[in-house]
Amino acid sequence: MAKRNLRIVRDHPLLGICEYCNMQFSCGLMPIEAAKDDIQERFNAHECEQQDFAQDAARITKKATKD
Ligand SMILES: [Zn+2]
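Residues numbered from 1 in each chain as written. Predicted model: local features only at pLDDT ≥ 70, side-chain atom pairs only at ≥ 80, totals over all residues. Heavy atoms only, no water.

K.L.:
How would you summarise the coordination of the zinc ion if you had to cite specific residues and measurements?
P.N.:
When a metal carries six donors in an octahedron, the ideal angles between them are 90 or 180 degrees, while four donors in a tetrahedron ideally lie at 109.5 degrees. Within the protein, C18 (SG), C21 (SG), H46 (NE2) and C48 (SG) serve as the donor atoms for the zinc ion, at 2.1 to 2.3 Å. Taken together, the four donor atoms surrounding the zinc ion define angles of 106 to 115° at the centre, an arrangement classified as tetrahedral. Taken in chain order, the donor set of the zinc ion reads C-x2-C-x24-H-x1-C. Relative accessible area serves as the criterion here: at 8%, H46 is assigned to the buried category. (Donors = N, O, S within 2.8 Å, 3.2 Å for Na, K, Ca; no water. Tetrahedral: all angles 85-135°; square planar, octahedral: opposite > 155°, others 65-115°. Buried < 20%, exposed > 50% of the residue type's maximum accessible area, 1.4 Å probe, protein only.)

K.L.:
Report on the nonpolar core, specifying residues and quantitative values.
P.N.:
L6, L14, C18, C21, M23, F25, C27, A35, I39 and F43 together form the largest nonpolar core, which totals 10 residues. Among the secondary structure elements, those contributing two or more residues to this core are β2 (14-18), β3 (24-27) and α1 (32-45). With three residues, α1 is the largest single contributor of residues to this core. Not counting residues up to four positions away in its chain, the partners in contact with C27 are P13, L14, A35, D38, I39 and R42. (Core = buried A, V, L, I, M, F, W, Y, C linked by side-chain atoms within 4.5 Å. Helix = DSSP H or I, 4+ residues; strand = E, 2+ residues; numbered from the N terminus. Contact = heavy atoms within 4.5 Å.)

K.L.:
How would you summarise unusual backbone geometry if you had to cite specific residues and measurements?
P.N.:
When glycine is set aside, most residues are seen to have a negative phi, and most peptide bonds are trans. Here the bond from H12 into P13 is cis, since omega is -10°, no more than 30 degrees from zero. Looking at the element boundaries, P13 is found in the loop between β1 (6-11) and β2. Omega for the bond connecting M30 with P31 falls within 30 degrees of zero, at 0°, which places this linkage in the cis form. Within the element layout of this structure, P31 appears in the loop between β3 and α1.

Following this line, the structure appears as structure tokens:
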């Protein structure tokens, strides 16, 4: 299993990113601890997709727009 790390890039609304596959996790929950728990949980559950960053970025952008 590849080593991966969740990096917090923004505090409000909370935005974290997987340093391994660049997947983004955002959460607007308050307090901030609850949001951090939420994205940490989703980070732990996600499967890294490192094969195509360009496609991944497009998907993230689309999702971000919807949010
Ligand atoms: Zn990942």
